[in-house]
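If you want the building blocks of each chain, they are given just below.
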Amino acid sequence: MSGFSQERLMQVLLAPQISEKATYVADKNEQVVFKVASTATKPEVKAAVELLFKVEVKSVQIANVKGKVKRFGKMTGRRKDWKKAFVCLKPGQEINFAAGE
């Protein structure tokens with residue numbers, strides 16, 4: 001956990017991102033996709049995944065996702081920006097969300 005408080009690490013990961021693209025990435029590259037806090041850093045994401053799921057992480061890539069512009073009649077609004085983390089696991093490691101781990 002290299003210097004991060006356990007309290008902070010529990011707030012870094014918000015939810016797994018389950019979609020067609022995330023499933024494809026998981027099968028092909030042994031990666032898992034998470035929605036993370038907008039202030040999260042790569043080392044924090046790595047430490048949080050290792051703490052919560054008891055797996056070894058090889059690397060982390062983070063992408064900022066821009067919020068969509070939406071309209072309702074004359075009014076326009078914008079959804080919030082958010083962060084997505086692609087967590088690459090070491091060979092032989094696996095996180096299975098279907099089994100409730």
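Fair warning: this is a prediction, and the values are worked out from it, not measured in the lab.

**Regarding the overall build of the protein chain**
What the protein chain contains, in helices and strands, is three helices and six strands. Expressed along its principal axes, the backbone C-alpha trace of the protein chain runs to roughly 50 × 30 × 25 Å. Counting contacts in the protein chain only where the partners sit at least 6 residues apart, residues at least 24 apart contribute 60% of the total. Summed over all atoms, the accessible surface of the protein chain reaches about 7100 Å², with 52% contributed by carbon and sulfur. Counting 19 positive and 10 negative side-chain charges, the protein chain places the averaged centre of each group 14 Å from the other.

**Brief notes about the pairing of strand β6 (residues 82-89)**
Burial analysis of β6 places seven of its eight residues in the buried class, the great majority of the element. By the bridge criterion, six bridges tie strand β2 (residues 31-36) to β6 in an arrangement that is antiparallel. Residue pairing across strands places phenylalanine 34 opposite alanine 85, the latter belonging to β6.

**Quick notes on the packing of aromatic side chains**
Here the structure, examined in full by the defined rule, presents one aromatic pair. Positioned over the ring face of tryptophan 82 is lysine 35, at 5.0 Å from the centre of the ring.

**A word on the environment of glutamate 7**
Along the polypeptide, glutamate 7 turns up in helix α1 (residues 6-12). Classification of glutamate 7 by relative accessible area gives exposed; the value is 65%. Taking the C-alpha atoms as reference points, glutamate 7 and lysine 90, 83 residues apart in sequence, are found 25 Å from one another.

**Some details on the side chain of glutamate 44**
Considering the arrangement of structural elements, one finds glutamate 44 in helix α3 (residues 42-53). Dropping the residues within four chain positions of it, glutamate 44 is found in contact with Phe4, Arg8, Leu9, Val12 and Thr39.

**Brief notes about the pattern of salt bridges**
Enumeration according to the criterion identifies three salt bridges in this entry. The shortest N-O distance in the salt bridge between arginine 8 and glutamate 44 comes to 3.0 Å. Separated by 36 residues along the polypeptide, arginine 8 in helix α1 and glutamate 44 in helix α3 bring together distant segments of the chain. The partner of glutamate 56 in a salt bridge is lysine 90, and the shortest N-O contact between them spans 3.5 Å. With glutamate 56 in the loop between α3 and β3 (57-65) and lysine 90 in the segment after β6, the pair connects residues that are 34 residues apart, well separated along the chain.

Here is what the cut-offs are and how they apply
Residues numbered from 1 in each chain as written. Predicted model: local features only at pLDDT ≥ 70, side-chain atom pairs only at ≥ 80, totals over all residues. Heavy atoms only, no water. Helix = DSSP H or I, 4+ residues; strand = E, 2+ residues; numbered from the N terminus. Contact = heavy atoms within 4.5 Å. Areas by Shrake-Rupley, 256 points an atom, 1.4 Å probe, with all protein chains shown as cover. Lys, Arg positive; Asp, Glu negative; His and termini not counted. Charge placed at Lys NZ, Arg CZ, Asp CG, Glu CD. Buried < 20%, exposed > 50% of the residue type's maximum accessible area, 1.4 Å probe, protein only. Pairing = 2+ DSSP bridges. Phe/Tyr/Trp six-rings, centres within 6.5 Å; stacked < 30°, edge-to-face > 60°. Lys NZ or Arg CZ within 6 Å of the ring centre and 35° of its normal. Salt bridge = Lys/Arg side-chain N within 4 Å of Asp/Glu carboxyl O.

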